[in-house]
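What the coordinates show
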Amino acid sequence: MSGSPQTLELRIDSLAAGGDGVGRAADGRVVFVPVTAPGDRARVAVEPGGARFARGRVVELLEPATSRTDPVCAVFGSCGGCVWQHVARDAQLEARRTILRDAIERIGGIRLDAPPEIVACPSPYAYRSRTRVVVEAGRVGYRRRRSRAVCATSRCPVLVAPLEEALRALASRPPMDDGEWEIAAGDDGNVCTTRLGARERAPGRLVIHAAGERIERSAGVFAQSNALLLDPLARAVLEAAGSGERAVELFSGAGFFTIGLARRFEHVVAVEGDPIAASDLENNVGNAGLSQVEIVRTAVEHALGLPALARAAPDVVVLDPPRTGLPRGLAPAIGALDAARIVYLSCDPATLARDVSTLVPLGYDLVSVRGFDLFPQTAHVEALVVLERRLRA
Ligand SMILES: C[S@@+](CC[C@H](N)C(=O)[O-])C[C@H]1O[C@@H](n2cnc3c(N)ncnc32)[C@H](O)[C@@H]1O
């Protein structure tokens, strides 16, 4: 189809993984419409495009959904950070549940008996203890929606108070050094503002506590960023891992789960590719007085062929990869470790479902799926799944 946009009346039925509302046109096309909510009835200008999918924008909201609420942020709509501030809390949780279930069923090809539980964040705002902002020519903010342009802001209501204060300070005296900056807080309120991309360790140190453990890391090293769900997240992963003789943890970072695993397993092999995170992990293991953690400082793609992994014979493999999921070819290597259980924490349901669909034919059953509301107001879904090795005949 080509030409100018066509205007249609559309009812929005659900929210898609990217955050857009989804409606179905009379001709069967699925139309994605930003800043809409389930139940909205709207006149929508639909871009010419494919026969099955199209993009649209609201020309007139004819009947607002009851699932709508008032956004609190001045830059909502232009900032690419939060896409669901106009969607009420319960509808956001329901959307996370549906997005996770759809990914597992459609991409993973596994039918779930019941919709997954979503562990809700106790507060819809003031929860985030780590964020990345861009600095460009004296402007500080986030990327605009579907654009590389900067949406300048000195306020961000999803940030915990000390972080919002640090953002205000950064925006009022922007650094000369353009690029990506991290603002992160420890749970004592200490804040580090760090230019990302430097090879050397940034000077700041941040401390968080979760599941009874103290984790310290260098500024700029990955950390779980929902201050209000650190403890439930750590406990859920550790509980799913259980206890036993041997555990392998891939993508261990500074040790957010590793220290707890080392209390539960006699031997833990932890693989981390970022040298600064791996050295933070070594310090955390030492500070906890633990000796049974073997740290493998390399990319997991290389680690799985190394003797430390080849002789690991783990009871469990715990994985927490980046959004891209497992690197190509890694799922069979993980299957070859022949662990009784695989505990996979993911920040992207689509790559998670893809990886699960590769692990299941290797002899595993998906036994539990749970979501975490780690980023209220955004369309992100964090998910924890457990796979168990099928009994052999
Ligand atoms: C989502 S973070 C999880 C970190 C840790 N589990 C935590 O909760 O803090 C992913 C980690 O994997 C590391 N990483 C990314 N790609 C990797 C790879 N190919 N091999 C090894 N580590 C990798 C990153 O440096 C980061 O520390």
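Basis of the calculations
Residues numbered from 1 in each chain as written. Predicted model: local features only at pLDDT ≥ 70, side-chain atom pairs only at ≥ 80, totals over all residues. Heavy atoms only, no water. Helix = DSSP H or I, 4+ residues; strand = E, 2+ residues; numbered from the N terminus. Rg over C-alpha atoms; globule rule 2.2 N^0.38 Å. Buried < 20%, exposed > 50% of the residue type's maximum accessible area, 1.4 Å probe, protein only. Contact = heavy atoms within 4.5 Å. Areas by Shrake-Rupley, 256 points an atom, 1.4 Å probe, with all protein chains shown as cover. Core = buried A, V, L, I, M, F, W, Y, C linked by side-chain atoms within 4.5 Å. Near = heavy atom within 4 Å. Polar contact = N/O pair within 3.5 Å; in protein donor to acceptor, adjacent residues only side chain to side chain. Salt bridge = Lys/Arg side-chain N within 4 Å of Asp/Glu carboxyl O. Domains from an automatic or database assignment. Pairing = 2+ DSSP bridges. Axes fitted to C-alpha atoms, helices over the stretch in contact; angles between N-to-C directions. Left-handed = near helix turned anticlockwise from the far one by under 90°. Nonpolar A, V, L, I, M, F, W, Y, C, P; charged D, E, K, R; others polar. Expected span 1.5 Å × (residues − 1).

1. Things to note about the overall build of the chain
When helices and strands are tallied, the chain shows nine helices and 20 strands. The globule rule puts the C-alpha radius of gyration for 393 residues at 21 Å, and the 22 Å found for the chain is close to it. By principal-axis analysis of the C-alpha atoms, the chain measures approximately 65 × 60 × 35 Å. Put simply, the chain has 393 residues, and 52% of those count as buried. Long-range pairs, those at least 24 residues apart, make up 60% of the contacts in the chain with a sequence separation of at least 6. Accessible surface, the chain: about 17,500 Å² in total, of which carbon and sulfur atoms supply 51%.

2. Describing the nonpolar core
One finds Val-133 and Phe-256 to be the most contacted residues of the largest nonpolar core, which totals 64 residues. The element contributing the most residues to this core is helix H3 (residues 230-241), with eight residues. When near neighbours in sequence (up to four residues on either side) are disregarded, Val-133 contacts Val-140, Gly-141, Tyr-142, Leu-167, Leu-170, Gly-179, Glu-180, Trp-181 and Ile-183. The next biggest cluster of nonpolar side chains, apart from the first, holds 50 residues, and it includes Val-87, Ile-104, Val-271 and Leu-359.

3. Points about the site of the ligand
Taken together, 17 residues surround the ligand, and among them Gln-224, Glu-272, Val-300, Glu-301 and Asp-320 come closest. Gly-273 is positioned with one of its backbone polar atoms (N or O) 3.0 Å from a nitrogen atom of the ligand. A distance of 2.9 Å separates a nitrogen atom of the ligand from a polar backbone atom of Val-300. Coverage of the ligand by the protein amounts to 86% of the 590 Å² it exposes when considered alone.

4. Quick notes on the pattern of salt bridges
Under the counting rule described, the total for this entry stands at 32 salt bridges. Here Arg-68 ties to Asp-40 by a salt bridge, and the two come within 2.7 Å at their closest N and O atoms. You can see Arg-68 sitting in the loop between strand S5 (53-63) and helix H1 (89-107) and its partner Asp-40 sitting in the loop between strand S3 (30-33) and strand S4 (41-46), a full 28 residues away along the chain. You can call Asp-40 buried: its relative accessible area is 0%. Note that Asp-365 is salt-bridged to Arg-390, the shortest N-O span being 2.9 Å. One end of the pair, Asp-365, is in strand S19 (residues 364-372); the other, Arg-390, is in the segment after strand S20 (382-389), and 25 residues separate them in sequence.

5. Regarding the domain arrangement of the chain
On domain assignment, one finds that the chain holds domain 1 (6-63) and domain 2 (129-205 + 214-224). Here domain 1 and domain 2 have C-alpha centroids that lie 35 Å from each other.

6. Quick look at the pairing of S4
Here six bridges tie strand S1 (residues 6-15) to S4, and the two strands are oriented antiparallel to one another. When the bridges of S4 are listed, Glu-9 appears paired with Arg-43. Direction of pairing for S4 relative to S5: antiparallel, over a ladder of six bridges. Paired with Arg-43 across the bridge in S5 is Glu-60. Here S4 hands over to S5 after six residues, the two strands then running antiparallel side by side.

7. Some points on the packing of H1 against helix H9 (residues 349-359)
For the pair H1 and H9, interaxial distance at closest approach is 8 Å and the crossing angle is 35°. The hand of the H1/H9 crossing is right-handed. Contacts between H1 and H9 involve Ile-99, Leu-100, Ala-103, Ile-104 and Ile-107 from the first element and Pro-349, Ala-350, Leu-352, Ala-353, Arg-354 and Ser-357 from the second. Class assignment for the residues of the contact of H1 with H9 results in nine nonpolar, one polar and one charged.

8. Focus on the sheet that holds S3
If you walk around this closed barrel you meet the five strands as S1-S2-S3-S5-S4, and the pairing is mixed. On average, adjacent strands in this sheet sit at an angle of 50° to one another, irrespective of strand direction.

9. Concerning H9
Within H9, burial applies to Pro-349, Thr-351, Leu-352, Ala-353, Asp-355, Val-356 and Leu-359. Elements in contact with the buried residues of H9: H1, helix H8 (330-336), strand S18 (341-346), S19 and S20.

10. Some remarks on the sheet that holds strand S10 (residues 179-185)
With antiparallel pairing, five strands are arranged side by side in an open sheet as S9-S8-S7-S10-S11. The sheet is open, and its two edges are formed by strand S9 (150-152) and strand S11 (191-195), each paired on a single side. Across the sheet, the mean angle from the axis of one strand to that of its neighbour is 40°, orientation sign disregarded. In terms of strand pairing, S10 meets S11 through five bridges, oriented antiparallel. Looking at S11, one finds that Glu-182 is bridged to Thr-194. Strands in contact with helix H2 (residues 161-172) are strand S7 (130-136), strand S8 (139-143), S10 and S11; relative to S10, the strand with the most contacts, it is inclined by about 145°.

11. Description of H3
Compared with the 16 Å implied by 1.5 Å per residue over twelve residues, the 17 Å span of H3 between its first and last C-alpha is a close match. Looking only at H3, the buried set comprises Leu-230, Leu-233, Ala-234, Ala-236, Val-237, Leu-238, Ala-240 and Ala-241. Following H3 by one or two positions, Gly-242 adopts a phi angle in the positive range, close to 75°.

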